[in-house]
Amino acid sequence: IESVFSYFNEWLSGTYKVPVRSAKSKLIPKTNQAKIDKGIELKLIANKYFKAGNYKKAAYNYKQVNLFTKGLSNKQKNEATAYEGFRSKKNSGLSEKQQQQLDTLLNNTNSNLSAVYFKLGNSSKAIKYANEFVKGDKDNAKAYYRRANAYFLNKDLDRMHEDLKQALKLKPKDKACTILLKKWRKHMTAIKKKEKRGYAGLFDRMAAEEQAEEQAEDDKKKLEADQPEEADKNTIQDISTDEMTSM
């Protein structure tokens, strides 16, 4: 009852204030454009953390971009971006300009997430977000470069080489790709030398074993040749009999 009278007194005196929504609810963007703008804002924050070397906070903010834009697609069901849904205006209700903004935002975000996890030494997530970048922009040399870097971290030199070839096909003489290709060649040369040494050691061991076997066989034959021949027992017995008769 006292609260009711208090409400009326405040209302009559003009001091009553309408309750406002929580700060959290005010921060949640409602429209498609507001969600895209929020994503761009978070990406810029993440970029600052990335440049400062704070990769964990950078990763957190980049992933928030995907979360804030998640509602724009009915097909986006996981942490990574489902680009097919975003490309359908029927599903998302985006204008052509918004679609372009969103595609650019998500491609950049997934590219940067791959770079962040590369810095953190997490090859599986670096590959994951590089894959999303490739799905989002198959004609972008940087997408293949990102994934080649991630494969290098995972020691998958074959796939790394395939992506580098694709990147250089799209953007010949690209400096970053050329440097990474030199790194690939250096590692392949080191591996081949190691394999060559390994095979050389194996062949040497096999040759030594064969030589030892041949030597053992020769020694056996020589030993048999040096042994005195045994006389025929029957012959000796006959001679002994003859000698006894003559005596």
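(A) Highlighting the overall build of the protein. In terms of helices and strands, the protein carries 12 helices and 0 strands. Going from N to C terminus, the protein has its helices and strands arranged as α-α-α-α-α-α-α-α-α-α-α-α. Counting across all 247 residues of the protein, residues that qualify as buried make up 32%. Taking the contacts inside the protein whose residues are at least 6 apart along the sequence as the reference set, 52% of them involve residues at least 24 apart. Surface summary for the protein: the accessible area is close to 17,700 Å², and the carbon and sulfur share equals 53%.

(B) Region of interest: the side chain of Ser114. Along the chain, Ser114 falls in helix α7 (residues 96-119). The residues touching Ser114, leaving out its near neighbours within four places in the chain, are Ala126, Tyr129, Ala130 and Arg146.

(C) Seen up close, the pattern of salt bridges. Tallying each qualifying case throughout the model produces 6 salt bridges. Of the charged contacts in the structure, one is a salt bridge between Lys165 and Glu162, with a shortest N-O distance of 3.2 Å. Here Glu162 and Lys165 lie together in helix α10 (residues 157-170), a separation of 3 residues that amounts to about one turn. The exposure class assigned to Lys165 is partly exposed, which follows from its relative accessible area of 43%. For Asp174, the salt bridge is made with Lys171, and the minimal N-O distance between the two is 3.5 Å. Taking relative accessible area as the criterion, Lys171 reaches 44% and is therefore assigned partly exposed.

(D) Main features of the packing of helix α3 (residues 32-51) against helix α4 (residues 55-68). At their nearest, the axes of α3 and α4 sit 8 Å apart, and the two run at 170° to each other. Between α3 and α4, the angle falls in the class roughly antiparallel. When α3 is examined against α4, the residues Lys35, Lys38, Gly39, Leu42, Lys43, Ile45, Ala46, Asn47, Tyr49 and Phe50 are found in contact with a partner set consisting of Tyr55, Lys57, Ala58, Asn61, Tyr62, Gln64, Val65 and Phe68.

(E) Representation of the packing of helix α8 (residues 123-136) against helix α9 (residues 141-153). Interhelical geometry of α8 versus α9 gives an angle of 160° and a closest axis separation of 8 Å. Judged by the angle between their axes, α8 and α9 are roughly antiparallel. The handedness of the crossing between α8 and α9 is left-handed. Between α8, through Ser123, Ala126, Ile127, Ala130, Asn131, Phe133 and Val134, and α9, the contact on the second element is made entirely by Lys142, Ala143, Tyr144, Arg146, Arg147, Ala150, Tyr151 and Leu153.

About the cut-offs
- Residues numbered from 1 in each chain as written.
- Predicted model: local features only at pLDDT ≥ 70, side-chain atom pairs only at ≥ 80, totals over all residues.
- Heavy atoms only, no water.
- Helix = DSSP H or I, 4+ residues; strand = E, 2+ residues; numbered from the N terminus.
- Buried < 20%, exposed > 50% of the residue type's maximum accessible area, 1.4 Å probe, protein only.
- Contact = heavy atoms within 4.5 Å.
- Areas by Shrake-Rupley, 256 points an atom, 1.4 Å probe, with all protein chains shown as cover.
- Salt bridge = Lys/Arg side-chain N within 4 Å of Asp/Glu carboxyl O.
- Axes fitted to C-alpha atoms, helices over the stretch in contact; angles between N-to-C directions.
- Parallel < 35°, antiparallel > 145°, perpendicular 65-115°, else oblique.
- Left-handed = near helix turned anticlockwise from the far one by under 90°.

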